[in-house]
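# Secondary and tertiary structure notes
Residue-level listing of the chains:
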Amino acid sequence: MNNLDKNYQNLLQDILQNGVKKDDRTGTGVLSVFGRQFRHKMEEGFPLLTTKKMAWKTMVVELLWFLRGDTNIKFLLDYDCHIWDGDAYKNYSKNVQSWQPHLDKKMFIDRIKNNLDFAKKWGELGPIYGKQWRDWNGFEIIGGEQIKGYNKGQDQIQNLINELKTNPDSRRLMVSAWNVGELDQMVLPPCHYGFQVYTRELKVWERLNLASKTYDTFDPFDFGTPDDVDHSEIDKLYPVPKRAISLMWNQRSVDTFLGLPFNIASYGLLLEIISREVNMVPDELIGNLGDVHLYSNHIEQAKEQISRTPFKLPSVKITERNWFQHELVKEHLGEKTFIEKIMSYRPDCFELVGYESHGKIKAPLSN
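Conventions and cut-offs
Residues numbered from 1 in each chain as written. Predicted model: local features only at pLDDT ≥ 70, side-chain atom pairs only at ≥ 80, totals over all residues. Heavy atoms only, no water. Patch = residues over 30% accessible without salt bridge, like charges linked within 9 Å, V, L, I, M, F, W, Y side chains within 5 Å. Areas by Shrake-Rupley, 256 points an atom, 1.4 Å probe, with all protein chains shown as cover. Salt bridge = Lys/Arg side-chain N within 4 Å of Asp/Glu carboxyl O. Helix = DSSP H or I, 4+ residues; strand = E, 2+ residues; numbered from the N terminus. Buried < 20%, exposed > 50% of the residue type's maximum accessible area, 1.4 Å probe, protein only. Core = buried A, V, L, I, M, F, W, Y, C linked by side-chain atoms within 4.5 Å. Arc of directions from axis to C-beta. Contact = heavy atoms within 4.5 Å. Polar contact = N/O pair within 3.5 Å; in protein donor to acceptor, adjacent residues only side chain to side chain. Phe/Tyr/Trp six-rings, centres within 6.5 Å; stacked < 30°, edge-to-face > 60°. Lys NZ or Arg CZ within 6 Å of the ring centre and 35° of its normal.

Moving on, we come to a nonpolar patch on the surface. A grouping of Trp178, Val180 and Tyr193 is seen on the molecular surface, where their side chains present a nonpolar patch of about 270 Å² in accessible area. In this fold, Trp178 is placed in the loop between β5 (174-176) and β6 (192-201). Residue Trp178 is classed as partly exposed on the basis of its relative accessible area, which comes to 30%.

Turning our attention to the nonpolar core. Trp56, Phe108, Trp133, Phe195, Leu269 and Phe350 are the most contacted members of the largest nonpolar core, which has 91 residues in total. Ranked by residues supplied to this core, first place goes to helix α11 (residues 259-278) with eleven residues.

This next bit is on helix α5 (residues 105-114). Restricting attention to buried positions, one finds in α5 the residues Phe108, Ile109 and Ile112. Taken around the axis of α5, the buried residues stretch over an arc of 95 degrees, which confines them to a single face. What points out from α5, more than 90 degrees from its buried face, is the exposed set Lys106 and Asn114. Where α5 is buried, its residues contact α3 (74-78), α4 (85-95) and α6 (116-122). Measuring from the backbone nitrogen of Lys106 back to the side-chain oxygen at the start of α5 gives 3.3 Å, which picks out Asp104 as the cap.

Once that is clear, we can look at the packing of aromatic side chains. Aromatic rings considered in pairs are described by the distance between their centres and by the relative angle of their planes. For the structure on display, the rule yields 20 aromatic pairs. Look at Phe66 and Tyr129: their rings are 4.8 Å apart centre to centre, the planes differ by 45 degrees, and that puts the pair in the tilted class. Taken together, the residues Phe66 in helix α2 (residues 56-67) and Tyr129 in helix α7 (residues 129-134) connect sequence positions 63 residues apart. No difference in accessibility class separates Phe66 from Tyr129, as the two residues are buried. Where Tyr215 meets Tyr238, the ring centres are 5.4 Å apart and the plane angle is 55 degrees; that geometry is what we call tilted. In this pair, Tyr215 is assigned in the loop between α9 (204-214) and α10 (231-237) and Tyr238 in the loop between α10 and β7 (243-255), connecting sequence segments 23 residues apart. Among the residues examined, Tyr238 registers a relative accessible area of 5% and is labelled buried. Every member of this aromatic cluster is reached through a ring pair, and the members are Trp65, Phe66, Trp84, Tyr129, Trp133, Phe195, Trp249 and Tyr267. Its guanidinium or amino end placed over the ring of Phe118, Arg111 lies 5.3 Å from that ring's centre, counting from NZ or CZ. The aromatic ring of Trp122 is capped on one face by Lys121, whose charged end is 4.8 Å from the ring centroid.

Our next topic: the environment of Leu77. Within the element layout of this structure, Leu77 appears in helix α3. The spatial distance from the C-alpha of Leu77 to the C-alpha of Ile112 is 8.2 Å, given a sequence separation of 35 residues.

Just geometry here; none of it tells us what the structure is for.
Put into structure tokens, the structure is as follows:
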């Protein structure tokens, strides 16, 4: 059963029934509720909504952009991802000098794509997600030629991976994007401002079930009675992961119709990527949601989505680029780091398997 879409439809209905009308930063107006939680068991399928067609590649590109530590929309535009265009253009319109020619939005985007100097200046969004995830409090050293440079900050993603591999029961497995000292430098303060992961040891029966799904040669008669099976026997015959990993993200502001479906799928994919690196099984995905709202021009679209019957959830297949897998390369250069793998990933490394959905539901984005 597809509980993901049902839970999402219930959340839309909750806002329609219980939401209060509020003004907002964009001037659009919203129906809003406060304090909701979204949960999904990853074993039920990859968390991509089926009650409307989702822009899978766009979501993948944005997540890779975050993980690379990038904060310039040039990378996004190179892959035809436009979800940050409005924020970049709004920043440009606000700060371009009066004596300079003012480009319309289409001309602005074309200039970002084709002029590296223009992209470096106007495609930059400030120290948003990628900067905080990969370079917390990193800064340029300003001064004479002899002391110019860059002071590297904390790479929270690499630190998280290291800690998961060495101390998986830690209660400090966290990544934050809410850097108070840099909020005023961002075109938009983080909506999803942090996440935490949690791991647990798998039970014997869970590992046996996993082995039966992983190995075509699995034979339960390789073991004695269920009461006699222990982890060492499984390790010897069917070496499957020993731990499960869950991820919980926190979000202060939730554009429930357009943004939340992306957030759910993005953190679901992040959980898949991390679990693959640390050899654990994706377990539960949890979202703690603060101001949960529907824009006033999304109401009819939400009602349409509520009326639709969900399809079965898809799965996702991650394929690393072949040279990472080549044994001769590993022999000479060693195993690649997680960050090196991230930098090599391209959107086509992430394949949806068995995705069936209803059609798109168009709705305007409020910036």
